[in-house]
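# Examination of the molecular architecture
Each chain, letter by letter, is given below.
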Amino acid sequence: MQAQLRLASSNSNPTPGRKLSIAALHQLAERLIGQVRNGKACQAHDAITKAHLHPLGIAVVATWMYRAGLSEDQIIAIVV
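### Details of the overall build of the protein
Tallying secondary structure elements over the protein gives four helices and zero strands in all. Counting helices and strands in the order they occur from the N terminus, the protein gives α-α-α-α. Here the protein holds 80 residues, and 25% of them are scored as buried. Taking all contacts inside the protein whose residues are at least 6 apart in sequence as the whole, residues at least 24 apart take part in 71%. With the model as given, the accessible surface of the protein reaches about 6,000 Å², and the carbon-plus-sulfur share is 53%.

Structure follows, in structure tokens:
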């Protein structure tokens with residue numbers, strides 16, 4: 001079964017006021033990649049959940065994770 005992901009243009013439950021820069025998103029992605037490679041995928045999932053990212057931010061982080069060599073299954077387990 002494949003995940004049916006879609007990008008929502010208007011988030012019904014946005015977190016107001018918190019915006020991460022590209023550098024901050026890249027730093028988060030590097031931290032998540034390190035956690036996954038060290039066998040701490042649950043901690044990575046918790047970290048991205050606490051970041052309260054908008055869909056575009058999640059897409060940016062997921063792209064960097066993919067480019068770093070993580071599998072699609074690993075990425076989905078973290079961001080979903």
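### Quick notes on the packing of helix H3 (residues 55-67) against helix H4 (residues 72-79)
The contact between H3 and H4 brings their axes to 10 Å, and the two run at 150 degrees. Taken together, the axes of H3 and H4 lie roughly antiparallel to each other. The chirality of how H3 crosses H4 is right-handed. Contacts between H3 and H4 pair Ile58, Ala62, Met65 and Tyr66 from the former with Ile75, Ile78 and Val79 from the latter. The residue inventory of the contact of H3 with H4, partitioned by class, reads seven nonpolar, no polar and no charged.

### Details of the packing of helix H1 (residues 22-37) against H3
Direction vectors running N to C along H1 and H3 enclose 50 degrees, while the axes themselves pass 9 Å from each other. One finds that H1 runs oblique with respect to H3. Crossing geometry of H1 relative to H3 is assigned as right-handed. Contact residues: H1 offers Ile22, Leu25, His26, Leu28, Ala29, Leu32 and Ile33, while H3 offers Gly57, Val60, Val61, Trp64 and Met65. Among the residues making up the contact of H1 with H3, the classes are represented as 10 nonpolar, two polar and no charged.

### Details of the nonpolar core
Membership of the largest hydrophobic core comes to 18 residues, with the highest contact counts inside it found for Leu32, Leu53, Val61 and Met65. Listing elements by their share of this core, those giving two or more residues are H1, helix H2 (41-51), H3 and H4. If you tally residues by element for this core, the top one is H1, at six residues. Apart from residues lying up to four places away in sequence, leucine 53 is in contact with Leu20, Leu25, Leu28, Ile48, Ile58 and Val61.

### Concerning the side chain of glutamine 35
Position of glutamine 35 among the secondary structure elements: in helix H1. Glutamine 35 has contacts with Lys40, Ala41, Gln43, Ala44 and Ala47, leaving out every residue within four places of it along the chain.

Reading guide: rules and limits
- Residues numbered from 1 in each chain as written.
- Predicted model: local features only at pLDDT ≥ 70, side-chain atom pairs only at ≥ 80, totals over all residues.
- Heavy atoms only, no water.
- Helix = DSSP H or I, 4+ residues; strand = E, 2+ residues; numbered from the N terminus.
- Buried < 20%, exposed > 50% of the residue type's maximum accessible area, 1.4 Å probe, protein only.
- Contact = heavy atoms within 4.5 Å.
- Areas by Shrake-Rupley, 256 points an atom, 1.4 Å probe, with all protein chains shown as cover.
- Axes fitted to C-alpha atoms, helices over the stretch in contact; angles between N-to-C directions.
- Parallel < 35°, antiparallel > 145°, perpendicular 65-115°, else oblique.
- Left-handed = near helix turned anticlockwise from the far one by under 90°.
- Nonpolar A, V, L, I, M, F, W, Y, C, P; charged D, E, K, R; others polar.
- Core = buried A, V, L, I, M, F, W, Y, C linked by side-chain atoms within 4.5 Å.

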